[in-house]
Amino acid sequence: LEVPDQFAKRFRLDEAAHSRELLEAFVLKRYAEGALSAGQVGQALGLSFFATEKFLHDHSAPGLGVEEQLEGLANLRKLGTR
């Protein structure tokens, strides 16, 4: 996505920061629509579980739903049996 120079200069956008902001906005929108899970948000952004929760909280996104919490517990149990 190319941003016209006048806007890039006005908002002091560099390419890396701009790409990250667009990715964050995209995954937040898709998460809010229910198209992405919290885990997928974290994966897309390269965040740990706790960093993902903080990211979602900081952006006023809802936390983990019951299904995601149960999935997380099941994954923890699998790790504990290895």
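As a starting point, this report considers the structure included with it. Worth saying up front: this structure is predicted, and the values here are computed from it rather than measured. (Residues numbered from 1 in each chain as written. Predicted model: local features only at pLDDT ≥ 70, side-chain atom pairs only at ≥ 80, totals over all residues. Heavy atoms only, no water.)

**Here's the deal with unusual backbone geometry**
A positive phi angle, near 55°, is found at Ser60, a position not held by glycine. Structurally, the position occupied by Ser60 is in the loop between helix H4 (49–58) and helix H5 (66–80). Judged by relative accessible area, which is 69%, Ser60 ranks as exposed. (Helix = DSSP H or I, 4+ residues; strand = E, 2+ residues; numbered from the N terminus. Buried < 20%, exposed > 50% of the residue type's maximum accessible area, 1.4 Å probe, protein only.)

**Describing the packing of aromatic side chains**
Overall, the coordinates contain one aromatic pair when judged by the stated rule. Summarising the aromatic geometry, the rings of Phe49 and Phe50 are spaced 5.1 Å apart at their centres and angled 85° between planes, so their arrangement reads as edge-to-face. (Phe/Tyr/Trp six-rings, centres within 6.5 Å; stacked < 30°, edge-to-face > 60°.)

**Observations concerning helix H3 (residues 38–45)**
Inspection of H3 places Ala38, Val41, Gly42 and Leu45 among the buried residues, and these make up the whole buried set. Projection of H3 onto a plane perpendicular to its axis shows the buried side chains occupying an angular sector of 95°, all on one side. Residues Gly39 and Gln43 are exposed on H3 and point more than 90 degrees away from its buried face. (Arc of directions from axis to C-beta.)

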